[in-house]
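Below are the chains, spelled out letter by letter.
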Amino acid sequence: MYFLKKRRDGDVKEGQQYLFLDFEFTMPETKKSPRGFFPEIIEVGLVSVINGEIYDQFSSYVRPIKFPILTERCKSFLNITQEQVDKGISLEELVGWLKEYDSLYPSTVITWGNMDMKVLRHNCSQAGLPFPFTGEHRDLAMEYKKFFGEQNQTGLWKAVQEYGNEGVGKHHCALDDAFTTYNIFKLIEKDKKYMVKPKPTTIGDRVDFSKLLNKFAL
């Protein structure tokens, strides 16, 4: 399934868009099989958030190009079928959809880890397609690691459980993971606000000079 709300004349013209993005990839059967293997996107989940409100969502299976037949390991791990992927959109169509979202508003792409963007860049390069995003990319897993002083990178669902919550839907379902990334983003941003030190008060904040001047004027 996939959706895209076209911006209408009545929609807000200015704003910040966060694109919470998650991909699922093909997996090799072993380190040596298939030969020359590299991961390809086979499922996309995206949540568009504009000015703090969910604006739209996008979800689809994607047909791999170089290694179109899924390995048994991949199908088992992701609980995905060959038929589902065969009915998906092409990589070219996926890049077109992502460009559409990127063009709606100034966008920041947020992923859990850096693998999603690395694979997207590599897949685009291999297929001779332009990279669809023009704005900033934020690796939320790295932000989480630095903010909490973790030594190792924490998995998405483990991180949200450490907040006392559960992930959305099913893990390794791209759209569910995109929504889970959005939810933990809100929790982290809220914690960051609590950690911001208040500005030191000045003498002007502590003394009402109008009252002081009136006293001397008497």
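Every chain begins its residue count from 1, and numbering advances along the sequence as written. Reporting of local features is limited, given that this is a predicted model, to residues whose pLDDT is at least 70; pairs of side-chain atoms are given and counted only at 80 or more, and all residues count toward the totals for whole chains, interfaces and linings. The basis for every side-chain value is the complete set of non-hydrogen atoms in the structure, without hydrogens or water.

### Concerning the packing of aromatic side chains
Aromatic rings in a pair are described by how distant their centres are and how their planes are angled relative to each other. This is how the line gets drawn: In this analysis, rings of Phe, Tyr and Trp, with Trp reduced to its six-membered ring, are considered paired at centre separations within 6.5 Å, and the interplanar angle assigns stacked below 30 degrees, edge-to-face beyond 60, and tilted for intermediate values. The numbering of helices and of strands both runs from the N terminus, where a helix is a DSSP run of H or I of at least 4 residues and a strand a run of E of at least 2. Here the term buried applies to any residue with accessible area under 20% of the maximum for its type, exposed to any over 50%, and partly exposed to those in between, with areas from a 1.4 Å probe on protein chains only. The rule for a charge over a ring is simple: NZ of Lys or CZ of Arg within 6 Å of the ring centre, and within 35 degrees of the ring normal.
Scanning the model with the defined rule gives 14 aromatic pairs in all. Ring plane angle 40 degrees and centroid distance 5.4 Å describe the contact between F37 and F67, whose orientation is recorded as tilted. On the criterion of sequence distance, the pair formed by F37 in the loop between β1 (17–25) and β2 (41–50) and F67 in the loop between β3 (53–61) and α1 (72–78) is long-range, its members being 30 residues apart. With a relative accessible area of 22%, F37 lands in the partly exposed category. Taking relative accessible area as the criterion, F67 reaches 13% and is therefore assigned buried. Put simply, the rings of Y18, F20, Y182 and F185 touch in pairs and so form one group of aromatic residues. Of note, R121 hangs over the ring of F131, and the distance from its end group to the ring centre comes to 3.9 Å.

### A few points about the nonpolar core
Applied cut-off: The criterion is simple. A nonpolar core is a set of buried Ala, Val, Leu, Ile, Met, Phe, Trp, Tyr and Cys residues joined through side-chain atoms within 4.5 Å. Here a residue-residue contact requires only that any non-hydrogen atoms of the pair lie within 4.5 Å.
Core analysis: the largest hydrophobic core is formed by 26 residues, its most contacted members being L21, F23, I41, L94, L98 and F133. Ranked by the residues each element gives to this core, the list is headed by helix α3 (residues 91–104), at six residues. Those residues in contact with F133 that lie beyond four places of it in its chain are L19, L21, L98, D102, V109, M117 and L120. Formed by 19 residues, the second largest nonpolar core is a distinct cluster that contains F20, I110, L156 and F179.

### Brief notes about unusual backbone geometry
Looking along the chain, the bond that leaves S33 and enters P34 is cis, with omega of -5 degrees. Here P34 is to be found in the loop between β1 and β2. One non-glycine residue, N51, lies in positive phi territory at about 50 degrees. Relative to the assigned elements, N51 resides in the loop between β2 and β3. At N79, a residue that is not glycine, the phi angle is positive and equals roughly 55 degrees. Relative to the helices and strands, N79 is located in the loop between α1 and α2 (82–86). Overall, N79 belongs to the exposed group, its relative accessible area being 55%.

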